[in-house]
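# Analysis of the macromolecular model
What follows is the residue order along each chain.
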Amino acid sequence: MKKMIYGLFFGDSITYGEYDGVFGGWVDILKRYALQQFHEGKNELILFNLGIGGETTEGLLKRMPHELAARNSAEGNIVFIGYGANDLALKDGSQMVSPDQFRDNIKTAIQHAKHYSGDIYLVSILPFSEKIDGVESATGKLRINGDVLVYNQILKDIATESALYYIDFYAAWAEDKEILLSADGVHPNEKGYGIMAETAIPIIEKYL
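Presented here is a report on the structure given in the accompanying data block. It should be emphasised that the depicted structure is a prediction, and the values quoted were computed from it without experimental measurement.

Thresholds applied
Residues numbered from 1 in each chain as written. Predicted model: local features only at pLDDT ≥ 70, side-chain atom pairs only at ≥ 80, totals over all residues. Heavy atoms only, no water. Phe/Tyr/Trp six-rings, centres within 6.5 Å; stacked < 30°, edge-to-face > 60°. Helix = DSSP H or I, 4+ residues; strand = E, 2+ residues; numbered from the N terminus. Buried < 20%, exposed > 50% of the residue type's maximum accessible area, 1.4 Å probe, protein only. Lys NZ or Arg CZ within 6 Å of the ring centre and 35° of its normal. Contact = heavy atoms within 4.5 Å. Expected span 1.5 Å × (residues − 1). Core = buried A, V, L, I, M, F, W, Y, C linked by side-chain atoms within 4.5 Å.

What the rule picks out here adds up to seven aromatic pairs. Measuring from centroid to centroid gives 4.1 Å for F9 and F80, while their planes differ by 0 degrees, and the two rings are stacked. Of the two residues, F9 sits in strand 1 (residues 4-11) while F80 sits in strand 3 (residues 77-82), which places them 71 residues apart along the sequence. Of the two residues examined, F9 and F80, each falls in the buried class. With 5.0 Å between their ring centres and 80 degrees between their planes, W26 and F169 make a pair best called edge-to-face. Within this pair, whereas W26 is found in helix 2 (residues 26-39), its partner F169 is found in helix 6 (residues 169-173), the two being separated by 143 residues in sequence. Take W26: its relative accessible area is 1%, and that puts it in the buried class. Directly above the ring of F48 sits R71, whose terminal nitrogen or CZ lies 5.5 Å from the centroid.

Next up on the list: the side chain of S129. Within the secondary structure, S129 sits in the loop between strand 6 (119-123) and strand 7 (141-142). Beyond its immediate chain neighbours, meaning those up to four positions away, S129 contacts N145, E178, L181 and G185.

Relative to the helices and strands, L180 resides in helix 7 (residues 177-180). Contacts of L180, omitting those with residues within four sequence positions, involve W173, P188, N189, K191, G192 and I195.

When you line up the elements, E205 lands in helix 8 (residues 190-205). C-alpha separation for the pair E205 and M4, spaced 201 residues apart in sequence, amounts to 14 Å. Leaving out residues up to four positions away in the same chain, E205 has contacts with Y33 and K42.

What follows is about helix 4 (residues 99-114). The end-to-end C-alpha distance of helix 4 is 23 Å, a good match for the 22 Å that 16 residues give at a rise of 1.5 Å each. Buried residues belonging to helix 4 abut helix 3 (57-70), strand 3, strand 6 and helix 5 (145-161).

Counting residues in each nonpolar core, the largest one holds 31 residues, and the members touching the most others are F10, M64, I81, F102, I106, I110 and L122. Counting only elements with at least two residues in this core, the list comes to strand 1, helix 3, strand 3, helix 4, strand 6 and helix 5. Here the element with the most residues in this core is helix 5; it accounts for six residues. Setting aside residues up to four positions removed in sequence, M64 forms contacts with F10, V79, I81, A109, H112 and A113.

Printed below as a string of structure tokens:
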């Protein structure tokens, strides 16, 4: 008996797939993969890309209950939460969302997700290019690689405490980041998104 499962990807521009004019980002690669598998007789896994560029966990909490309620499959839902690259950015000298607030917000997001899903994945933040480490961007945001480790550790700790899954894109990237990032030093290029999809395919395989 084939099932219809929904996969909901919450995140910022890196979930949305910004700067990938070729594949449309890692979630879109997964979407096509799932569709192809369905045509070959596997479960129907419908993926929703709910990424919004520039969003922090503050924005996530405002929309998450509505988004979850609007896309709920009786046969099962998988929820992916990918935040931090904007939360940790400094604007006018202070972080958009402090580490403590980030921890609270992620925990609240998990509580929302648990109403609909027993399969929740926390997605790691990617490293930034050395050339923009600590350099203010055109949008007035400043990002520091050391902070990525701090916020990723929060995600790892929550995943362990709450028995959730942690997708470690950071580890898959760390050595090759300079060739996997686009010119802005924050967003992946096609190659970078491709590596992310390769890392995530074994995860969605479990539901196909």
